[in-house]
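Examining the three-dimensional arrangement
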Amino acid sequence: IDVQKLDCDFLVFSGHKIYGPTGTGILYGKEEILNEMPPFEGGGDMIKSVSFFGTTYNDLPFKFEAGTPNIAGCVALGTAIKYVQDLGIEKIKAYETELLNYATEKLSAIEGLKIYGTSKHKSSVISFLLDGIHPYDVGVILDNQGIAIRTGHHCAQPVMDYYNITGTCRASFAFYNTKEEIDILAEGILKAKKMLS
């Protein structure tokens, strides 16, 4: 991503979204904005000098580096980024699109299942509900079968309010998933539907 071409003030992403460890990420900020901002934490390398009369903050990026950095997490994030670069983002995208299309076809065939979010150009995520069944109940039954999905409002409460629903079930697919796993998901949903209807 060319932040200068975008002319963005800030750019942020979470490390776990690119297969890195949780609690890691990237924050880019324009130098002039970061220089104007005061630190929000204190300690460690963020101080250039301290006296009884005042504090001088360190130069960027140290000004915002309070305490001991997550060195192991940063190294692991770098490794995750290299891994994705070596695989090739376009290759990953093509395979995940193939999985998304396959999953959409399989889940759409389940009577009483409604998919939320049907844009032509979307990431490999399917949010869905089964008629009259709370998403949490579906999630628990799938979990008991060893099938991992998310349930709830997924940090998108206004979207749930727009659709007048309490939340959804969400299945996410990545380059390490298979079509066979999607078949297992569909079978698990059918089992949940039978148990809860």
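Look above for the structure.
The rules we used
- Residues numbered from 1 in each chain as written.
- Predicted model: local features only at pLDDT ≥ 70, side-chain atom pairs only at ≥ 80, totals over all residues.
- Heavy atoms only, no water.
- Helix = DSSP H or I, 4+ residues; strand = E, 2+ residues; numbered from the N terminus.
- Rg over C-alpha atoms; globule rule 2.2 N^0.38 Å.
- Contact = heavy atoms within 4.5 Å.
- Areas by Shrake-Rupley, 256 points an atom, 1.4 Å probe, with all protein chains shown as cover.
- Lys, Arg positive; Asp, Glu negative; His and termini not counted.
- Charge placed at Lys NZ, Arg CZ, Asp CG, Glu CD.
- Core = buried A, V, L, I, M, F, W, Y, C linked by side-chain atoms within 4.5 Å.
- Buried < 20%, exposed > 50% of the residue type's maximum accessible area, 1.4 Å probe, protein only.
- Pairing = 2+ DSSP bridges.
- Axes fitted to C-alpha atoms, helices over the stretch in contact; angles between N-to-C directions.
- Arc of directions from axis to C-beta.
- Parallel < 35°, antiparallel > 145°, perpendicular 65-115°, else oblique.
- Left-handed = near helix turned anticlockwise from the far one by under 90°.
- Patch = residues over 30% accessible without salt bridge, like charges linked within 9 Å, V, L, I, M, F, W, Y side chains within 5 Å.
- Salt bridge = Lys/Arg side-chain N within 4 Å of Asp/Glu carboxyl O.
- 1 Å grid on protein atoms, 1.4 Å probe; cavity = no way out; pocket = protein on both sides within 12 Å on 5 of 7 lines; lining within 4 Å.
- Points joined across faces, edges and corners; volume = space filled by probe spheres on them.
- Nonpolar A, V, L, I, M, F, W, Y, C, P; charged D, E, K, R; others polar.

Here we come to the overall build of the protein. Looking only at helices and strands, the protein has seven helices and eight strands in total. Its C-alpha radius of gyration of 22 Å places the protein more than 25% over the 16 Å reference for a compact globule of 197 residues. Partitioning the intrachain contacts of the protein with sequence separation of at least 6 by distance along the chain shows that 55% fall at a separation of at least 24. For the protein, the accessible area works out to roughly 13400 Å², and carbon and sulfur atoms hold 55% of it. Put simply, the protein has 18 plus and 24 minus side-chain charges, and the middle of one group is 6 Å from the middle of the other.

Grouped together as the largest cluster of nonpolar side chains are 24 residues, with contacts concentrated most on Leu 107, Leu 113, Ile 126, Phe 128, Phe 173, Leu 185 and Ile 189. Put simply, the parts of the chain that give this core at least two residues each are helix H4 (89–108), strand S5 (113–116), strand S6 (125–130), helix H5 (135–144), strand S8 (168–172) and helix H7 (179–196). Looking at this core, the element that brings in the most residues is H7, giving five residues.

Taken in spatial order, the four strands of this open sheet run S5-S6-S8-S7, and their pairing is antiparallel. Since the sheet does not close on itself, it has two edges, and those belong to S5 and strand S7 (150–152), each with one partner. Ignoring strand direction, the axes of neighbouring strands in this sheet form an average angle of 30°. The pairing of S6 with S8 spans four bridges and is antiparallel. Residue pairing in the sheet places Phe 128 in a bridge with Cys 169 of S8.

So, on to H5. Buried within H5 we find Pro 135, Val 138, Gly 139, Ile 141 and Leu 142. Along the axis of H5, the buried residues cluster in a sector spanning 165°; they form a single face. For H5, the exposed residues lying more than 90 degrees away from the buried face are Tyr 136, Asp 143 and Asn 144. Residues of H5 that are buried in the fold lie against S6, S7, S8 and H7. Where H5 terminates, the next one or two residues include Gly 146, which has phi positive at roughly 80°.

This brings us to the packing of H5 against H7. In the contact formed by H5 and H7, the axes pass within 9 Å of each other and the chain directions differ by 120°. Between H5 and H7, the angle is such that the two are oblique. The interaxial crossing formed by H5 with H7 has right-handed handedness. Contacts between H5 and H7 involve Asp 137, Val 138, Ile 141 and Leu 142 from the first element and Leu 185, Gly 188, Ile 189, Ala 192, Met 195 and Leu 196 from the second.

With that settled, the discussion passes to the environment of Ser 123. With respect to the helices and strands, the residue Ser 123 is situated in the loop between S5 and S6. Note: C-alpha distance between Ser 123 and Ala 72 (51 residues apart in sequence) is 29 Å.

The next subject is a nonpolar patch on the surface. Taken together, the side chains of Phe 10, Val 12, Leu 27 and Met 37 define a hydrophobic patch exposed on the protein surface, amounting to about 380 Å² of accessible area. Within the secondary structure, Met 37 sits in the loop between helix H2 (31–36) and strand S3 (47–51).

Turning our eyes to something else, we now look at the layout of surface pockets. Estimated volume of the largest pocket: approximately 1500 Å³. In this structure, the largest pocket is lined by 44 residues; those nearest its centre are Lys 17, Tyr 19, Ser 172, Phe 173 and Ala 174. Breaking the lining of the largest pocket down by element, the ones donating at least two residues are strand S1 (10–14), strand S2 (25–29), H4, S7, S8 and H7. Ranked by residue count, the leading element in the lining of the largest pocket is H4, at six residues. Its residues assigned to classes, the lining of the largest pocket shows 24 nonpolar, 12 polar and eight charged. Taken as a whole, the second largest pocket holds about 770 Å³ of empty space. Lining the second largest pocket we find 24 residues, and of these Leu 27, Phe 40, Pro 61, Phe 64 and Glu 65 sit closest to its centre. Among the elements of the structure, S2, H2 and helix H3 (71–87) are those that each provide at least two residues to the lining of the second largest pocket. No other element matches S2, which puts five residues into the lining of the second largest pocket.

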